[in-house]
Amino acid sequence: MKSYEDRLDAVLNYCRDSALSVENIHRLFSLMCNVIHYRRCWINADTLEQADIAGSSWDDAEDNLASFLHAQKFPTYIRLCVQWLSTHTP
């Protein structure tokens, strides 16, 4: 199993090697950060209502990330790395 650093390197190398624009690289990492943020909100929710709102936002963030990856035609192995990083960042 690849480590966190290996997966991050794979994503960064793909971004560089495929000549993604600065805007698309920013969009990718912004969408990843949204998933991380809402996941943390869900984990740290104090009430059921907070958990429901955070869970819904987390689902939306994951959908937005997946849509971006699909639209930009990221290969499957990079999509898996991005999704793993988005759900395993502490």
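Residues numbered from 1 in each chain as written. Predicted model: local features only at pLDDT ≥ 70, side-chain atom pairs only at ≥ 80, totals over all residues. Heavy atoms only, no water.

Quick word on the side chain of Thr-89
Structurally, Thr-89 is set in the segment after helix 4 (76-88). Of note is the side chain of Thr-89, whose polar atom sits 2.6 Å from the backbone oxygen of Leu-85. Each residue touching Thr-89, except ones within four places of it in the same chain, is listed here: Tyr-4, Ile-36, Arg-39 and Arg-40. (Helix = DSSP H or I, 4+ residues; strand = E, 2+ residues; numbered from the N terminus. Polar contact = N/O pair within 3.5 Å; in protein donor to acceptor, adjacent residues only side chain to side chain. Contact = heavy atoms within 4.5 Å.)

Side note on helix 3 (residues 48-71)
Working note: α-helix, 3.6 residues per turn, so residues spaced by three or four point in the same direction. For helix 3, which comprises 24 residues, the first-to-last C-alpha distance of 34 Å matches the rise-based estimate of 34 Å (1.5 Å per residue) to within 8%. Inspection of helix 3 places Ala-51, Ala-54, Gly-55, Trp-58, Ala-61, Leu-65, Phe-68 and Leu-69 among the buried residues, and these make up the whole buried set. Buried positions along helix 3 lie against helix 2 (22-43) and helix 4. At the exit of helix 3 stands Lys-73, carrying a positive phi of roughly 60°. (Expected span 1.5 Å × (residues − 1). Buried < 20%, exposed > 50% of the residue type's maximum accessible area, 1.4 Å probe, protein only.)

Considerations on the pattern of salt bridges
Taken as a whole and judged by the stated rule, the model has one salt bridge. Between Arg-16 and Asp-17 there is a salt bridge, with its nearest N and O atoms 3.4 Å apart. Across the pair, Asp-17 and Arg-16 agree in class, each one exposed. (Salt bridge = Lys/Arg side-chain N within 4 Å of Asp/Glu carboxyl O.)

Quick notes on the packing of helix 3 against helix 4
Interhelical geometry of helix 3 versus helix 4 gives an angle of 160° and a closest axis separation of 11 Å. The orientation of helix 3 with respect to helix 4, classified from their angle, is roughly antiparallel. Judged by the sense of rotation from one axis to the other, the crossing of helix 3 with helix 4 is right-handed. Residue-level inspection shows Glu-62, Leu-65, Leu-69 and His-70 of helix 3 in contact with helix 4, the latter providing Arg-79, Val-82, Ser-86 and Thr-87. Taken together, the residues of the contact of helix 3 with helix 4 break down into three nonpolar, three polar and two charged. (Axes fitted to C-alpha atoms, helices over the stretch in contact; angles between N-to-C directions. Parallel < 35°, antiparallel > 145°, perpendicular 65-115°, else oblique. Left-handed = near helix turned anticlockwise from the far one by under 90°. Nonpolar A, V, L, I, M, F, W, Y, C, P; charged D, E, K, R; others polar.)

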